[in-house]
Amino acid sequence: MSDAISLGTAKTKQQDISIISELMYQLKVRDVMTKNVHTVAPENTLREVQAVMRDNKISGVPVASDGKLVGIISLDDIIRALDFGEMDSTAEDKMTREVQTVGVGVSVIKAIDEMEQCGFGRLPVIDRDHYLVGIVTHWDVVKKLIFLLQDVVLKAEARERSLADATPAPANEVEGATYEFDVCKDDFENAGIAASTVKKQLQKMEVSPAVIRRIAVAMYETEINIIIHSLGGKMTAEIFPDRVRVISKDEGPGIANVEKALTEGFSTASAKAREMGFGAGMGLPNIKRCVDDFKIESAAGESTTITFGVKFNI
Amino acid sequence: MTIRDIMEKCDAELVTGEELLDREIKAVCASDLLSDVLATEKQDFMLITGLCTPQVVRTAELMGSLGVMYVRHKYPLQEAIGMAKVHEVPLICTKDDLFETCCKLAGCGLEQF
Ligand SMILES: Nc1ncnc2c1ncn2[C@@H]1O[C@H](COP(=O)(O)OP(=O)(O)O)[C@@H](O)[C@H]1O
Ligand SMILES: [Mg+2]
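What follows deals with the overall build of chain A. Each helix and strand in chain A was counted, giving 12 helices and 10 strands. Taken over the C-alpha trace, chain A has a radius of gyration of 31 Å; the compact-globule value for 314 residues is 20 Å, which it surpasses by more than 25%. With the C-alpha coordinates aligned to their principal axes, the bounding extent of chain A is approximately 95 × 50 × 35 Å. Out of the 314 residues belonging to chain A, those deemed buried represent 42%. Excluding contacts between residues fewer than 6 apart, the proportion of contacts in chain A whose partners are at least 24 apart in sequence is 61%. Carbon and sulfur atoms provide 52% of the accessible area of chain A, an area that totals close to 17,300 Å².

Below is the structure:
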């Protein structure tokens, strides 16, 4: 038993890590590098080079001539020059000419690999024509990854905030405010947008939390069913002053035995749906329990239409 | 007991929602099945789960759950964190598994029928 648990954990961790490697493969050095590189010219003296290093708190400085990388001076070179009283020699005289560099279009994962291999924490970045275009460090990569992660948080926040601002489609013959939602097959990412949007509107109307919860659950289960069982569909919620009416219509493939589908525990959900925590065969029975009136129409090879209503009064 | 108390009892770490930790928790819904959670009658509950998808936070939000605790070293996906911030669902996580966590919380007055 405990073996099975630790195995499961290890597997998921590996998956999480492979997402990071994928990201690091997609990211190129140009996306993370520092562009304003401090450089020195070949004719600068080591005394001048040392000043550049000290002023900018860096432990190595590329030597560039007409924008092209020709060598690098490290802190070691400076220390040696101090030792031997060679601080007035030129950079060209004392620099390392065989510089380990990395191409601007190379993936970040490759760049990290190269840093590991050569043992340097920073690599000058060059373009196709050997022009020095930047410098990349481990920290640049970490910074970018953190930024990307935070960006996902911010985007999710912005999307969720916008749900509260949803405005109803122009009403036709009905007196209620009508909200329409496209629900796509396998689109787990947007699962619950319809339920959450309607919940926000009902909260503004000060409908009781218990009633809102019933409506939200019924809508969410309906959305999930479209996502995991159908080819996609549309949900419409009409909000009246005293009740809500929800109509969900998908594009098939329909339910062969509706009665069976309504029994607790019956499910044809895929392994993926179950991995996400759905597919216990409790959805339709739960929807029925939450609403005041419920109708389901379906047949094999046809669309499934679910209509339900909930009144606000206690 | 408050979420802060639960964190102490379960040695849990905060993910987001520092300002919401004084919420009074009356019940716990512990499951890896969101369908189960969506069927609960419990009120003022904390959701404890080993799932880390954004749908966990969506479920918590729609159910009016007061917070989510992730077990077994699970950490919510970034998108889930963004959603949780907006809907004011505090997220915490612990290294223990679901069973160990429930054992630690047994007898704390969270059994609601
Ligand atoms: N929109 C739909 N299109 C096709 N089949 C559906 C749809 N909704 C429900 N079903 C069928 O009804 C069954 C029971 O649904 P439900 O009670 O929500 O349980 P679950 O979704 O967990 O399988 C599903 O497994 C599926 O076979
Ligand atoms: Mg279902």
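What follows covers the overall build of chain B. Each helix and strand in chain B was counted, giving 5 helices and 5 strands. The principal-axis extents of the C-alpha atoms in chain B amount to approximately 35 × 30 × 25 Å. A total of 113 residues make up chain B; the buried ones form 62% of that total. The long-range share in chain B, meaning contacts at least 24 apart out of those at least 6 apart in sequence, stands at 48%. As displayed, chain B offers around 4,500 Å² of accessible surface, 49% of which is attributable to carbon and sulfur atoms. In chain B, the 11 positive side-chain charges and the 19 negative ones have mean positions that sit 2 Å from each other.

Each partner contributes residues to the interface: chain B has 33 residues there, and chain A has 36 residues. For the chain B and chain A pair, buried surface summed over both sides reaches about 2,900 Å², with 57% attributable to carbon and sulfur atoms. Of all residues in chain B, the largest losses of buried area upon contact with chain A belong to Gln55, Arg58 and Leu62 of chain B, amounting jointly to 22% of the total for that side. For the pair chain B and chain A, the interface holds 3 salt bridges. The closest approach of N and O atoms between Arg58 of chain B and Glu160 of chain A, which form a salt bridge, is 2.9 Å.

Let us look at the site of ligand 1. Residues and elements named next belong to chain A. In the vicinity of ligand 1 lie 18 residues, with His229, Asp250, Ser267, Thr268 and Gly281 positioned nearest. Separating an oxygen atom of ligand 1 from a backbone N or O atom of Gly281 is a distance of 2.8 Å. Considered on its own, ligand 1 offers 530 Å² of accessible surface; in the complex 95% of this is hidden by protein. Breaking the shell around ligand 1 down by element, the ones donating at least two residues are helix H9 (209-229) and helix H12 (283-290). Split by residue class, the shell around ligand 1 holds 8 nonpolar, 9 polar and 1 charged.

A side chain with one charge can pair with a side chain of the opposite charge if their charged atoms come near. All names here are of chain A. Summed over all chains, the structure comprises 24 salt bridges over all chains. Its salt-bridge partner being Glu86, residue Lys94 comes within 3.2 Å of it at the nearest N-O pair. One salt bridge connects Lys234 with Asp182, and the closest N-O pair in it is separated by 3.0 Å. Separated by 52 residues along the polypeptide, Lys234 in strand S7 (residues 232-239) and Asp182 in strand S6 (residues 177-184) bring together distant segments of the chain. Here Asp182 falls in the exposed class, since its relative accessible area comes to 60%.

Residue and element names in this part refer to chain A. Extensive coverage of strand S4 (residues 122-126) is indicated by the burial of 4 of its 5 residues. By the bridge criterion, 2 bridges tie strand S3 (residues 102-103) to S4 in an arrangement that is parallel. Across the sheet, the residue bridging to Gly103 is Ile126, located in S4. Relative to strand S5 (residues 132-137), S4 runs antiparallel, the two being bridged by 5 bridges. By the bridge assignment for S5, Arg122 is matched with Thr137. Counting the residues that bridge the hairpin from S4 to S5 gives 5 residues, and of these His130 lies at a positive phi of roughly 70 degrees.

Sheet strands pair by backbone hydrogen bonding; their relative direction is either parallel or antiparallel. Residues and elements named next belong to chain A. Taken together, 3 strands build an open sheet; the order of strands is S3-S4-S5 and the sheet is mixed. In this open sheet, the two strands that pair with only one neighbour each are S3 and S5. Packed onto the sheet, helix H6 (residues 108-118) meets S3, S4 and S5 and runs at close to 130 degrees relative to S4.

This next bit is on the pairing of strand S2 (residues 68-74) of chain A. Residue and element names in this part refer to chain A. Direction of pairing for strand S1 (residues 60-65) relative to S2: antiparallel, over a ladder of 6 bridges. Bridge assignment links Ala64 to a residue of S2, and that residue is Leu69. Here S1 folds back onto S2 in antiparallel fashion, the turn holding 2 residues, of which Asp66 has a positive phi close to 55 degrees.

Residue and element names in this part refer to chain A. Within this structure, the stated rule accounts for 1 aromatic pair over all chains. Positioned above the aromatic ring of Tyr25, the side-chain terminus of Lys28 is 4.8 Å from the ring centre. The ring of Phe240 has Arg243 sitting right over it, with the charged end atom 3.9 Å from the ring centre.

With that out of the way, let us pick up the confidence of the model for chain A. Taken residue by residue, chain A gives an average pLDDT of 91. The fraction at 70 or more is 93%. This stretch, residues 1-10 of chain A, has a pLDDT under 50; its non-local contacts, to residues over four places away or in other chains, come to 3 contacts.

Gly252 of chain A connects to Pro253 of chain A through a cis peptide bond whose omega is 15 degrees. Examined against the element boundaries, Pro253 of chain A turns out to sit in the loop between strand S8 (243-250) and helix H10 (258-261). One non-glycine residue, His73 of chain B, lies in the positive phi region at around 65 degrees. Mapped onto the elements of the fold, His73 of chain B is located in the loop between strand S4 (67-70) and helix H4 (78-87). The phi torsion at Glu88 of chain B lies on the positive side, around 55 degrees, for a residue other than glycine. On the accessibility criterion, Glu88 of chain B (45% relative accessible area) is partly exposed.

Reading guide: rules and limits
Residues numbered from 1 in each chain as written. Chains lettered and ligands numbered in written order. Predicted model: local features only at pLDDT ≥ 70, side-chain atom pairs only at ≥ 80, totals over all residues. Heavy atoms only, no water. Helix = DSSP H or I, 4+ residues; strand = E, 2+ residues; numbered from the N terminus. Rg over C-alpha atoms; globule rule 2.2 N^0.38 Å. Buried < 20%, exposed > 50% of the residue type's maximum accessible area, 1.4 Å probe, protein only. Contact = heavy atoms within 4.5 Å. Areas by Shrake-Rupley, 256 points an atom, 1.4 Å probe, with all protein chains shown as cover. Lys, Arg positive; Asp, Glu negative; His and termini not counted. Charge placed at Lys NZ, Arg CZ, Asp CG, Glu CD. Buried area = accessible area lost by both parts, 1.4 Å probe. Salt bridge = Lys/Arg side-chain N within 4 Å of Asp/Glu carboxyl O. Near = heavy atom within 4 Å. Polar contact = N/O pair within 3.5 Å; in protein donor to acceptor, adjacent residues only side chain to side chain. Nonpolar A, V, L, I, M, F, W, Y, C, P; charged D, E, K, R; others polar. Pairing = 2+ DSSP bridges. Axes fitted to C-alpha atoms, helices over the stretch in contact; angles between N-to-C directions. Phe/Tyr/Trp six-rings, centres within 6.5 Å; stacked < 30°, edge-to-face > 60°. Lys NZ or Arg CZ within 6 Å of the ring centre and 35° of its normal. pLDDT = per-residue confidence, 0-100.

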